[in-house]
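Here are the chains, one letter per residue:
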Amino acid sequence: MTPDDMIQRYAYAVAKRLPVSMQADVRAELHALLHEDIQALAGDDAIPLKLVEERIVAFGPPSEVALRYHRPAPIIELVDTGLFVKLALGLILGLTVLALSIGVSSSGQTASQLQDGLRDAIFVVLGFLLACFSALGVLRRAQPKLFAWKPNKLPAVRDPDIISRPLAVSALVAGSMGLLILMDPISFFDLLLGGQSPSTLAHAFTYDRQFLSERAPLLWIMLTFSLLILALATIEGRWRPITRKVALGLSLVVAVISLWVVLAGPIFVAAPTDQSMKFWVALIAGITCVDIWLKWRDLAVNGRSSVLRPQ
């Protein structure tokens, strides 16, 4: 093998890892670059094969050198990684808890089939999530103008501990109404329908007695405390270190209690409503746990959370 053969092979090994449209130019450029560099070191003497080997080794493996010319598009863009991890971990935790709850509250072949179906659903959902984020990355690269930002659109600099009272009051009203509906859904349907709800609807949203006597009171109380903490912070107009930590702690307690509610037994008398409710409770609780962990980590590192208020 001659020195030029070795340079040609190296340039080819690098170029073949690149898109076809770049291969010819990169191969010619790399061959010329190495040849001139080695010739300068050799001077007027003949180029020894050992010198070529040393320079090529110093230049780097073909796979690494190819990345200097072209870096393949990632499956998930770096800017979307945080959201993907949060959703993926939340989905896995939520579906896992739901599968465990089916095993606890059911028995026999039906429970086994449902658990197998949920385990398969985890991979299906993760695959779908991966496909969605991958498609989002393709769209970002194909239509950068859709995601372009402008300096004049940047938000004003503000203290992240300051609370927007209109938004906070809206959250309090929505949260309070949601809690009241959760505590007595049948009365809500009676009010909504202007009379007594149909028996099928009432049966579908009738709580299990054991849930109402054992688990529901604790869940209602913790949700009420969470709203009270938000109300206190709203009155003060800002988050203080202690109120922020208490709010995050209460959010974690509510999430854990929600997971316990799913695992401990039925929530509703009607099986379809019960399974649907368990799915959403487990899913929300799982995502909430991941979100709280990220916020608490940010709080520990930076001394304060980057969010305006806890969820």
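These numbers come from a predicted model, not from an experiment. (Residues numbered from 1 in each chain as written. Predicted model: local features only at pLDDT ≥ 70, side-chain atom pairs only at ≥ 80, totals over all residues. Heavy atoms only, no water.)

Peer 1: I'd love a proper account of the overall build of the protein, names of residues and values included.
Peer 2: When you go through the protein residue by residue, the secondary structure sums to 12 helices and zero strands. Every one of the 311 residues in the protein was classed for burial, and the buried ones make up 33%. Intrachain contacts of the protein at a sequence separation of at least 6 include 71% that bridge at least 24 residues. Carbon and sulfur atoms form 66% of the exposed surface of the protein, whose accessible area is close to 18,800 Å². (Helix = DSSP H or I, 4+ residues; strand = E, 2+ residues; numbered from the N terminus. Buried < 20%, exposed > 50% of the residue type's maximum accessible area, 1.4 Å probe, protein only. Contact = heavy atoms within 4.5 Å. Areas by Shrake-Rupley, 256 points an atom, 1.4 Å probe, with all protein chains shown as cover.)

Peer 1: Describe the nonpolar core, naming the residues involved and giving the relevant values.
Peer 2: Among the nonpolar cores identified, the biggest contains 22 residues, and Tyr207, Phe211, Leu219, Trp220, Trp239, Val261 and Ile267 are the most heavily contacted of them. Secondary structure elements with two or more residues in this core: α7 (165-183), α10 (209-236) and α11 (241-264). The element contributing the most residues to this core is α10, with nine residues. The residues contacting Phe211, other than those within four sequence positions of it, are Ala216, Pro217, Trp220, Val261, Pro266 and Ile267. (Core = buried A, V, L, I, M, F, W, Y, C linked by side-chain atoms within 4.5 Å.)

Peer 1: Any chance you could break down the environment of Val26 for me, citing the residues and the numbers?
Peer 2: Mapped onto the fold, Val26 is located in helix α2 (residues 20-42). With 15 residues separating them along the chain, Val26 and Ala11 place their C-alpha atoms 7.8 Å apart. Not counting residues up to four positions away in its chain, the partners in contact with Val26 are Leu18 and Tyr69.

Peer 1: How would you explain the environment of Phe225 if you had to name every residue and give the values?
Peer 2: Within the secondary structure, Phe225 is located in helix α10. Classification of Phe225 by relative accessible area gives partly exposed; the value is 41%. Measuring from C-alpha to C-alpha, the distance between Phe225 and Val246 comes to 9.9 Å, with 21 residues separating the pair along the chain.

Peer 1: Give a description of the packing of aromatic side chains that names residues and reports values.
Peer 2: Within the structure shown, the criterion is met by 10 aromatic pairs. Taking the centre distance of 6.3 Å and the plane angle of 85 degrees together, the rings of Tyr10 and Phe59 count as edge-to-face. Here Phe59 lies in helix α3 (residues 49-59) and Tyr10 lies in helix α1 (residues 3-15), a separation of 49 residues in the sequence. Given a relative accessible area of 22%, Phe59 falls into the partly exposed group. Here the aromatic rings of Phe211 and Trp220 are separated by 6.2 Å at their centres, their planes lie at 85 degrees, and the arrangement is edge-to-face. Clustering of aromatic rings is evident, with ring pairs tying together Phe188, Phe189, Phe205, Tyr207, Phe211, Trp220 and Phe268. (Phe/Tyr/Trp six-rings, centres within 6.5 Å; stacked < 30°, edge-to-face > 60°.)

Peer 1: An account of the layout of surface pockets is needed here, citing residue identities and associated values.
Peer 2: Roughly 160 Å³ of internal volume is contained in the second largest pocket. Looking at the second largest pocket, the residues that line it are Gly178, Ile181, Leu182, Pro185, Phe188, Phe189, Phe205, Tyr207, Phe268 and Met277. Of all the secondary structure elements, the ones that give two or more residues to the lining of the second largest pocket are α7 and α8 (185-193). Broken down by class, the residue content of the lining of the second largest pocket amounts to nine nonpolar, one polar and no charged. (1 Å grid on protein atoms, 1.4 Å probe; cavity = no way out; pocket = protein on both sides within 12 Å on 5 of 7 lines; lining within 4 Å. Points joined across faces, edges and corners; volume = space filled by probe spheres on them. Nonpolar A, V, L, I, M, F, W, Y, C, P; charged D, E, K, R; others polar.)

Peer 1: Any chance you could break down the packing of α1 against α2 for me, citing the residues and the numbers?
Peer 2: Here α1 crosses α2 at 145 degrees, and the two axes come no closer than 9 Å. Like other packed secondary-structure pairs, α1 and α2 cross with a definite hand, here right-handed. Residues Asp4, Ile7, Gln8, Tyr10, Ala11, Tyr12, Val14 and Ala15 of α1 form the contact with α2, whose participating residues are Gln23, Arg27, Leu30, His31, Leu34, His35 and Ile38. Partitioned by chemical class, the residues of the contact of α1 with α2 number nine nonpolar, four polar and two charged. (Axes fitted to C-alpha atoms, helices over the stretch in contact; angles between N-to-C directions. Left-handed = near helix turned anticlockwise from the far one by under 90°.)

Peer 1: Can you break down the confidence of the model for the protein residue by residue, with the values?
Peer 2: Across the protein, the average pLDDT comes to 83, with 88% of residues at 70 or higher. Mean pLDDT per element in the protein: helix α5 (residues 81-105) is the minimum at 73, and α10 is the maximum at 93. Here residues 304-311 is a poorly scored stretch, pLDDT under 50, and it has 32 contacts once near neighbours within four places are set aside; other chains count. (pLDDT = per-residue confidence, 0-100.)

Peer 1: Describe α7, with residues and values.
Peer 2: With 19 residues, α7 extends 26 Å from end C-alpha to end C-alpha; this agrees with the ideal 27 Å at 1.5 Å per step. Within the sequence span of α7, burial applies to Ala168, Leu172 and Leu179. Seen along its axis, α7 keeps its buried residues to an arc of 45 degrees; they face one direction. Its buried side turned inward, α7 meets α10. (Expected span 1.5 Å × (residues − 1). Arc of directions from axis to C-beta.)

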